[in-house]
Amino acid sequence: MSKLGRLNRGETNIDFLKWWKIGLAVSALLVVVSLGSLLTRGLNLGIDFKGGVSWEVSAPDVTVDETRAALDSVGEGSAKIQIVGTDIIRVQGPESTPEHTIAVTKTLAELANTDPSNVSFSTVGASWGGDVTKSAIRALIFFFIAILIYLSFRLELRMAVAALVAVFHDVLISVGAYSVFQFEVTPGTVIAFLTILGYSIYDTIVVDDKILENERLVGQSGRLTYGQMTSLSMNQVLLRSINTTVVSLLPVIALLVVGAGIMGAVTLEEFSIALTVGLLAGAYSSIFVAAPILVWLKEHQSKFKVIRERLQSQGVDVTHASARVDLLGVDAGSPAISAGSTKTSRDSADGSAPMAAPTGVIPPRPRKNQRKR
Amino acid sequence: MRRLRGFGSLLAIVVIAGASLIYTLVAGNKPLLGLDLQGGVSVVLKPVQQVDNDTIDQAITIIRQRIDAIGVAEPEITRQGNNILIQIPGVKDKERALELVGQTAELQFRPVLANVPIDPQEATTTTSGNPATPTTTVAPDASTTSTTIDPTKTVGGLPLDVCSAGLSAEEINAGGQAVLPQCQDGLLVGSYAVGPVALTGSALETARANLADSGQWTVSPTFKSGDDGIGGFNAIAGQCFTKGSTCPTGQLAIVLDGRVLSAPSINSQSFKADQIEISGSFNERTAKDLATALKYGALPVEFEQQQAQVVSATLGKDALHAGLIAGLVGLIAVSIYMMAFYRVLGLFAVLKLGVEAALLWSIISWLGANNGLALTLAGITGIIVSIGVSLDSNVVYYEHLKEDINHGRSIRSATDKSFVSAFSTIVKADVASLIGAALLWWLTVGPVRGFAFYLGLSTALDLLTSWAYMRPVVKLATRSKFLLTRPWLLGLPAEKVQERGMAKSSNRPNAEVSQ
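Every value quoted in this text rests on a predicted model; they were computed, and no experiment measured them. (Residues numbered from 1 in each chain as written. Chains lettered and ligands numbered in written order. Predicted model: local features only at pLDDT ≥ 70, side-chain atom pairs only at ≥ 80, totals over all residues.)

(A) The overall build of chain B, seen in detail. Tallying secondary structure elements over chain B gives 14 helices and 19 strands in all. The proportion of buried residues among the 515 residues of chain B is 47%. Within chain B, residue pairs in contact and separated by at least 24 positions form 70% of the contacts whose partners lie at least 6 positions apart. (Helix = DSSP H or I, 4+ residues; strand = E, 2+ residues; numbered from the N terminus. Buried ≥ 20, exposed ≤ 12 C-beta atoms within 10 Å, placed from the backbone. Contact = placed C-beta atoms within 7 Å.)

Structure below.
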């Protein structure tokens, strides 16, 4: 409870410097697994990418074997037959003539004991999937460029680079999950992957904005390394990250469980699996990928390198997160600055960080946008 | 009155949302469902060869005429680059629809055997006819009275609804005689008995519309050289000029997809390939239309069916149903979560979703009724995803608020302060989403576009409601004495200033001040 309470007040003191190492190792492992699976197993591409015909009909009580037997008469005995959702028979075959397509449609209608107009089918030319993929990749490249420019402008170049690496990581892992589990890739999946981009960027921006705010306040005062400051920022936005992920995931999980699982809507399943994987990856990567990369990039910047080296020479432990610093208190001119305290254990830090205790006085914010009261 | 400053936007947004929702309900506007939700046929056609814009537009016109012929309510035919996307919701005869859109239209030159001009006023009757027979309602030019065409009546050997119903390949009968209609704005204005096809559009090189010095619009086709081009044209022109038995009227009909576009009289024995002029009662539009049709005829575009999708009405309905139920369950789940976490502020966040939903529903319905923009399953997914985006704005703000209060600010002063920094974060994040949505919309095809549109729309709405609704409503809450003395109702920590006071409620037994 008390931990939750601290989380609720943004007062956790998790040593992200330590967790980032673990996080990066996990990410590296996942990326390697994803790449390995993509190279060896590849993706299970739906007919939208290979070309072909797919039929769907709601047919309760009809088995795959019965369907195969019935389709043998129209020469589709070797087609791929699945039961998707709860009672939908899906048949997928290679490209063929319209007459043949109609013949199969009629056979399926007979089998399902329904009217041919209740059979859905879709035929796809082999080049269509290529067009969709090509346009998606083109959109992706432009998206990366636009976001890079936008974030460099609104935040800063290093943050933009770190954010894009995180996005790339998310997409790679999501696609990797599709390869590992051999889920079918459909246009719906592509849409979901594209959503992941937006979501991951969104999450990273919120985190970066906080870091930027803290950097202005304390990063230049030289009492913390960039990494320590970032770890602190992470602690401050942790609850937000968790809450955001929960509120984004709940509707998507509802899609997956209620829409796809219970009610058997196939298209929803396609969307929601990719979205669930992507949302989780996005939340994870804004904390465990984008942030450490940003720290790594920043600590190579001379300004922050100097701070780090100076702190190191003072015998300050820079490999761990510092004790909690009340950033606002620092600026309020509190004399008791000992952020460089070598105490690193979370517990001791929490209780005894000698930071500006609230004195009942509102510390003046260093911002200029104060309204007149 | 000063107390109420800054709340105008709250009033405005609530009134706008309420009014637009009421308007939508009263006007009976409903979102137009995409065919993945209501069943129908969707086809993507890709031209086999390189073509220019005019040719594609002409092909779209032809396809539209053909789809109108099978009597479908709202076919949607759009261009995406050089591809043509045809969506026919709720069509009954799906196979015929598929067959019709893919055929290549041919431009023909056919000698006119006889012609009967038809007065469109006379051909239409203003009585509604037998209600049991299908009727096609057309509005002749700009006249306000709508007229009804009785398809059982024939004029000049053609059924009156031929312009909307079209002709089959047998009726067009390229190898022999046929009776073909001339149409104007969907009305039958002439009937032509024509002979076998003398020449096809492939004899043409190009065509253009000219404005002569006299102020008359003319059309100049240019033929190819050789027997397949100008030679063939001169052969039939000669027959018409002499008004021989094959061309007794001296007129040569230009036919595209079974419709007579023009039937100029031939007034010379032979022509040079690039010095032919069709003159008559053209205006700028009709002249350009004919030139475009001739150009199209010169290089009729062949289409390859890239993708065809036939969705049964039942499967579509099931998907819609599942999407809505899942959306509702998700909504209830996040509402409970938000209210458990942020109490009254959480309730405001859920109400913000309500304001957004009212606006979104109105906009989608309006676009569906006026622009034919359909809501697809991909779009619904985009909207469900945006629930998270919208609530995130609240989370960002509320967390900022909590942090500021923890740093010793009073709830009231933190309300304004935090909004400034939180809104700056929200704008950055939302703009990044908008950039993504816009790029997806511009650069992709098919279902991705629908998704991008709705994601972009709801993100823009989030920006609007965050500023116009969330800011004042939270301010309002923090003005309430009742809530201020019970900060746990707001899901906020106790103000540090009052930490020895009553505000340190029993709600947080562990809220020892740790710093």
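Still more to cover.
(B) Up close: the overall build of chain A. Looking only at helices and strands, chain A features 13 helices and six strands. Of all 373 residues assigned to chain A, the portion counted as buried reaches 50%.

(C) Quick look at the sheet that holds strand β13 (residues 204–211) of chain B. Residues and elements named next belong to chain B. The strand order across the open sheet built from three strands is β13-β14-β17, with neighbouring strands paired in antiparallel fashion. Single-partner strands in this sheet number two, and they are β13 and β17 (278–279). Judged from the seven bridges that link them, β13 and strand β14 (residues 217–223) form a sheet pairing that is antiparallel. Paired with L204 across the bridge in β14 is F223. Contacting β13 and β14, helix α9 (residues 284–298) runs over the sheet at an angle of about 170 degrees to β13. (Pairing = 2+ DSSP bridges. Axes fitted to C-alpha atoms, helices over the stretch in contact; angles between N-to-C directions.)

(D) Seen up close, the nonpolar core. Counting residues in hydrophobic clusters, the biggest one holds 232 residues, and the most contacted among them are A163(A), L255(A), A290(A), L252(B) and A253(B). Examining the composition of this core, we find that 19 residues originate from one element, helix α10 (residues 266–298) of chain A, more than from any other. Setting aside its immediate chain neighbours within four residues, A290(A) contacts A162(A), A163(A), V165(A), A166(A), T204(A), V207(A) and S285(A). (Core = buried A, V, L, I, M, F, W, Y, C linked by C-beta atoms within 7 Å.)

(E) Expanded view of the UniProt feature "transmembrane region" (unreviewed entry) in chain B. Residue and element names in this part refer to chain B. Here, UniProt's "transmembrane region" (unreviewed entry) annotation points to residues 7–26, 319–337, 344–367, 373–398, 419–445 and 451–470. Across residues 7–26, helical content stands at 95% and strand content at 0%; the span's end C-alpha atoms are separated by 28 Å. Span residues 451–470 is 100% helix and 0% strand, its end C-alpha atoms 26 Å apart. (UniProt positions renumbered as here; feature names shortened; annotations may be inferred.)

(F) Looking closely at the interface of chain A and chain B. On the side of chain B, 81 residues touch chain A, which itself brings 82 residues to the contact. Broken down by element, the residue count for the side of chain A that touches chain B peaks at 15 residues, all from helix α9 (residues 226–262) of chain A.

(G) Spatial organisation of the pairing of strand β5 (residues 107–117) of chain B. Residues and elements named next belong to chain B. As defined by bridge partners, β5 adjoins strand β15 (residues 252–256) across five bridges and the pair is classed as antiparallel. Within β15, the residue paired with R110 across the bridge is A253. Sheet topology note: the β5/strand β11 (residues 187–194) ladder contains five bridges and is antiparallel. When the bridges of β11 are listed, P117 appears paired with G190.

(H) Region of the structure containing the environment of R79(B). Residues and elements named next belong to chain B. Here R79 lies in strand β3 (residues 76–80). Under the C-beta neighbour-count criterion, R79 is labelled partly exposed, with 13 such atoms within 10 Å. The contacts of R79, once residues within four sequence positions are left out, are I56, I60 and I84.

(I) Quick look at helix α10 (residues 313–370) of chain B. Residues and elements named next belong to chain B. Given a rise of 1.5 Å per residue, 58 residues ought to cover 86 Å, yet the end C-alpha atoms of α10 are separated by just 24 Å, more than 12% below that figure. A bend of about 145 degrees at Y342 is the largest found in α10. G372 occupies a position one or two residues after α10 and carries a positive phi of about 65 degrees. (Expected span 1.5 Å × (residues − 1). Bend = angle between axes of the 7 residues up to and from the residue.)

(J) Inspection of unusual backbone geometry at higher detail. Of note, the phi angle at Q182(A) is positive, near 55 degrees, even though the residue is not glycine. Within the secondary structure layout, Q182(A) lies in the loop between α7 (157–180) and β6 (184–185). Of the residues examined, Q182(A) has 12 C-beta atoms within 10 Å and is grouped as exposed. Phi is positive for K243(B), which is not a glycine, with a value near 55 degrees. Topologically, K243(B) is positioned in the loop between α8 (227–241) and β15.

(K) Spatial organisation of the sheet that holds strand β18 (residues 303–311) of chain B. The strand order across the open sheet built from eight strands is β3(A)-β4(A)-β2(A)-β5(A)-β18(B)-β2(B)-β4(B)-β3(B), with neighbouring strands paired in antiparallel fashion. Of all strands in the sheet, those bounded by a partner on one side alone are β3 (80–84) of chain A together with β3 of chain B. Neighbouring strand axes in the sheet, compared pairwise and without regard to direction, differ in orientation by 15 degrees on average. Of the strands in this sheet, β2 (52–58), β4 (88–93) and β5 (120–124) of chain A are in contact with helix α5 (residues 98–111) of chain A, which crosses β2(A) at around 20 degrees.

(L) Up close: the environment of P487(B). You can see P487(B) is positioned in the segment after α14 (481–484). As a C-alpha pair, P487(B) and I411(B) span 76 residues in sequence and 8.6 Å in three-dimensional space.

(M) Structural view of the UniProt feature "transmembrane region" (unreviewed entry) in chain A. All names here are of chain A. The UniProt feature table records "transmembrane region" (unreviewed entry) at residues 20–39, 135–153, 160–181, 187–207, 246–267 and 273–297. Segment residues 187–207 splits into 100% helix and 0% strand. End C-alpha atoms: 31 Å apart. Secondary structure content for residues 273–297 is 100% helix and 0% strand, while the C-alpha to C-alpha distance between its ends is 34 Å.

(N) Region of interest: the packing of helix α2 (residues 16–40) of chain A against α10(A). Residue and element names in this part refer to chain A. Orientation of α2 relative to α10, taken along the N-to-C sense of each, is 110 degrees, at an axis distance of 9 Å. Viewed along their axes, α2 and α10 adopt a mutual orientation that is roughly perpendicular. Taking contact as the criterion, the partners of W20, G23, L24 and S27 in α2 are, on α10, F288, V289, A291 and P292. (Parallel < 35°, antiparallel > 145°, perpendicular 65-115°, else oblique.)

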